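If you want the building blocks of each chain, they are given just below.
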Amino acid sequence: MTPFVFGKIAEFENFTNREDETELLQKLFKALNNVIVISPRRWGKSSLIKHATNQLLGIDSEYRVIYIDVFNIRTEEEFYQEFASKTLKVGYSKVEDLLVKSKTLFQKLIPKMSFSPIPESEISLSFDWEEVKKDPTEILNLPQKIADAENFKLIICIDEFQNLNTFDENLAFQKKLRANWQHHSKVGYCLYGSKENMMQIIFNDKAQPFYRFGYVLNLEKIKADKWLSFIQRRFNETGKAIGKDDSRLITELVHLLPYYVQQLSQISWFYTENICTKEIIEKAFDDLINQLEPFFIRETENLSNQQISFLELLLNGSLPINSNENIKKYGLNSTANIAKAQKALLEKQIIRKYSNKFEFIDPIYGVWLQKSYFKSR
Ligand SMILES: Nc1ncnc2c1ncn2[C@@H]1O[C@H](COP(=O)(O)OP(=O)(O)O)[C@@H](O)[C@H]1O
Ligand SMILES: [Mg+2]
């Protein structure tokens, strides 16, 4: 058994902290308020939402939950299919019920359903796309209709929501969603995504259909102190040990990014026979950087020289960032050039702005540039 989990949803004993966020989400879910959760990737949105909904389901049988990931949905049509089939499945677990009820649920659209012969099987659902395109309201109101008819409350969680922005005619599409969803009294929507700038535009820009659709939770990182007991406990449970300061070192090396805290803990745990030490953690960290190097090299190949110079300035330059001295030293030529490089790096999700400062979205990329790339130039 390995005590640390990364790259998949952390739940149950793998989930830690976030008590305040969990409580807040529960309250919002219970009241069926819509909620939007924003943070960079790998900070724990999907895990937090799974955790909070698991808890809600555990204490209140009135609620049901569905999860839709827009990450690999590319068209409006695919979205409707996924939306409708997940909703039908959560409403009716028995195929017979579903067949009977679907007659009352659809008046205009006629869904084609097929079932694989195995019991508790997946249904697959399709519609006449031309009909849906003319009027998707029946699909979009399906959750409300089913929740009402079957007397439950439904939370619909949609992950990587900003991907809707890449659909054809996405504004018109989003208008349809909002126009219908905002009337749902039995359904709460939880919409979350990792592309912060796109999420901010979707929900905070007046011109956008989803402007002020719900409560916006900008997720922060988990504080260092909160990680320590988790790391120590996971070591102890597997017959190993790690001190408080060394646990802290793990969280510091990876700038508290939850995914990396788990990954670096895992590598350190792996190298530890009995008691983890500073030397072990440093070795584990070198290992981690080496594992990531191919990605970092590829990432860097996609940057212009000016963008790379800006990253170097960000790591080594003195403040204020666009001083004449910096412009000269890092070969950026003008403040206009700095602004251009910043904009491109923000769009490429290499950096983000946080309390008026720029920081690397992937902190280890910064470490690698510093330790390896700029050193060897
Ligand atoms: N509350 C948490 N407790 C423990 N580990 C976490 C927590 N949140 C995130 N992680 C770690 O970070 C990784 C990424 O989390 P995830 O929920 O997929 O983030 P996101 O959805 O924001 O990209 C998880 O696989 C896990 O290793
Ligand atoms: Mg996620």
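Residues numbered from 1 in each chain as written. Chains lettered and ligands numbered in written order. Predicted model: local features only at pLDDT ≥ 70, side-chain atom pairs only at ≥ 80, totals over all residues. Heavy atoms only, no water.

Digging into the overall build of the chain
Then comes step 1: Per the secondary structure count, the chain includes 17 helices and nine strands.
Then comes step 2: Relative to its 377 residues, the chain shows a buried fraction of 50%.
Then comes step 3: Counting every atom, the chain has about 19,100 Å² of accessible surface; 50% of that belongs to carbon and sulfur.
Then comes step 4: Within the chain, one finds 50 positive and 49 negative side-chain charges whose respective centroids are separated by 4 Å. (Helix = DSSP H or I, 4+ residues; strand = E, 2+ residues; numbered from the N terminus. Buried < 20%, exposed > 50% of the residue type's maximum accessible area, 1.4 Å probe, protein only. Areas by Shrake-Rupley, 256 points an atom, 1.4 Å probe, with all protein chains shown as cover. Lys, Arg positive; Asp, Glu negative; His and termini not counted. Charge placed at Lys NZ, Arg CZ, Asp CG, Glu CD.)

Some thoughts on the domain arrangement of the chain
Then comes step 1: Assigned domains of the chain: these are domain 1 (18-218), domain 2 (224-292) and domain 3 (302-373).
Then comes step 2: A separation of 29 Å is found between the C-alpha centroids of domain 2 and domain 3.
Then comes step 3: Between domain 2 and domain 3, the contact holds nine residues from the first and seven residues from the second.
Then comes step 4: For the pair domain 2 and domain 3, the two sides together bury roughly 630 Å², of which 77% comes from carbon and sulfur.
Then comes step 5: Across the contact surface, domain 2 and domain 3 share one salt bridge.
Then comes step 6: Linking domain 2 with domain 3 are one residue pair in polar contact (both at pLDDT 80 or more).
Then comes step 7: Of all the elements, helix α13 (residues 278-301) adds the most residues to the side of domain 2 that touches domain 3, at five residues.
Then comes step 8: Of the residues contributing to the side of domain 2 that touches domain 3, the split by class is seven nonpolar, one polar and one charged. (Domains from an automatic or database assignment. Contact = heavy atoms within 4.5 Å. Buried area = accessible area lost by both parts, 1.4 Å probe. Salt bridge = Lys/Arg side-chain N within 4 Å of Asp/Glu carboxyl O. Polar contact = N/O pair within 3.5 Å; in protein donor to acceptor, adjacent residues only side chain to side chain. Nonpolar A, V, L, I, M, F, W, Y, C, P; charged D, E, K, R; others polar.)

Re the site of ligand 1
Then comes step 1: Near ligand 1, the surroundings consist of 22 residues, among which Val5, Lys8, Arg42, Lys45 and Ser47 are the closest.
Then comes step 2: Arg42 places a polar main-chain atom, nitrogen or oxygen, 2.7 Å from an oxygen atom of ligand 1.
Then comes step 3: In this structure, an oxygen atom belonging to ligand 1 sits 3.2 Å away from a main-chain N or O atom of Tyr259.
Then comes step 4: Relative to its unbound accessible surface of 560 Å², ligand 1 loses 94% to contact with the protein.
Then comes step 5: Here the residues of the shell around ligand 1 are counted per class, giving ten nonpolar, seven polar and five charged.
Then comes step 6: Two domains each put at least three residues into the shell around ligand 1: domain 1 (18-218) and domain 2 (224-292). (Near = heavy atom within 4 Å.)

With respect to the pattern of salt bridges
Then comes step 1: Using the criterion set out here, one finds 20 salt bridges in the structure.
Then comes step 2: As a salt-bridge pair, Asp362 and Arg42 come within 3.3 Å of each other at their nearest N and O atoms. Of this pair, Asp362 sits in the loop between β9 (357-360) and α17 (363-373) while Arg42 sits in the loop between β1 (35-38) and α2 (45-59), placing them 320 residues apart in sequence.
Then comes step 3: One salt bridge in this structure joins Arg234 and Glu237, with 2.6 Å as the shortest N-O distance. Of the two residues, Arg234 and Glu237 both sit in helix α10 (residues 224-237), three residues apart, roughly one turn of that helix.
Then comes step 4: Given the relative accessible area of 2%, Arg234 is considered buried.
Then comes step 5: For Glu237, a relative accessible area of 46% translates into the label partly exposed.
Then comes step 6: One salt-bridge network, held together by shared partners, links Glu196, Arg352 and Glu359.

Focus on the side chain of Gln342
Then comes step 1: The topology assignment puts Gln342 in helix α16 (residues 335-347).
Then comes step 2: Each residue touching Gln342, except ones within four places of it in the same chain, is listed here: Phe310, Ile321, Ile351 and Phe358.

Quick look at the nonpolar core
Then comes step 1: Counting residues in hydrophobic clusters, the biggest one holds 49 residues, and the most contacted among them are Ile231, Leu288, Phe310, Leu311, Ile364 and Tyr365.
Then comes step 2: At the level of secondary structure, the elements contributing two or more residues to this core comprise α10, α11 (244-253), α12 (258-271), α13, α14 (305-316), α16, β9 and α17.
Then comes step 3: The dominant element in this core, judged by the number of residues it contributes, is α13, at eight residues.
Then comes step 4: When residues of this core are sorted by domain, at least three fall in each of domain 2 (224-292) and domain 3 (302-373).
Then comes step 5: Those residues within four positions of Leu311 in sequence are excluded, and the remaining contacts are Leu303, Leu345, Ile350, Ile351, Phe360, Tyr365, Leu369 and Phe374.
Then comes step 6: Within the second largest apolar cluster, 45 residues are counted, among which are Ile38, Ile73, Ile123 and Ile202. (Core = buried A, V, L, I, M, F, W, Y, C linked by side-chain atoms within 4.5 Å.)

Re the packing of helix α3 (residues 76-91) against helix α8 (residues 170-181)
Then comes step 1: Contact geometry of α3 with α8 gives a least axis separation of 11 Å together with a crossing angle of 25°. Classed by the angle they form, the pair α3 and α8 counts as roughly parallel. Of the two possible hands of crossing, α3 and α8 adopt the one that is right-handed. Residues Glu76, Phe79, Tyr80 and Phe83 of α3 pack against Phe173, Lys176, Leu177 and Trp181 of α8.
Then comes step 2: A per-class count over the contact of α3 with α8 returns six nonpolar, no polar and two charged. (Axes fitted to C-alpha atoms, helices over the stretch in contact; angles between N-to-C directions. Parallel < 35°, antiparallel > 145°, perpendicular 65-115°, else oblique. Left-handed = near helix turned anticlockwise from the far one by under 90°.)

Some points on the packing of α10 against α12
Then comes step 1: It is the contact of α10 with α12, at a shortest axis distance of 11 Å, that shows an interaxial angle of 30°. Taken as a pair, α10 and α12 cross one another with a handedness that is right-handed. For the pair formed by α10 and α12, the contact residues are Trp227, Phe230, Ile231 and Phe235 on the first element and Pro258, Val261, Gln262, Ser265, Ser268 and Trp269 on the second.

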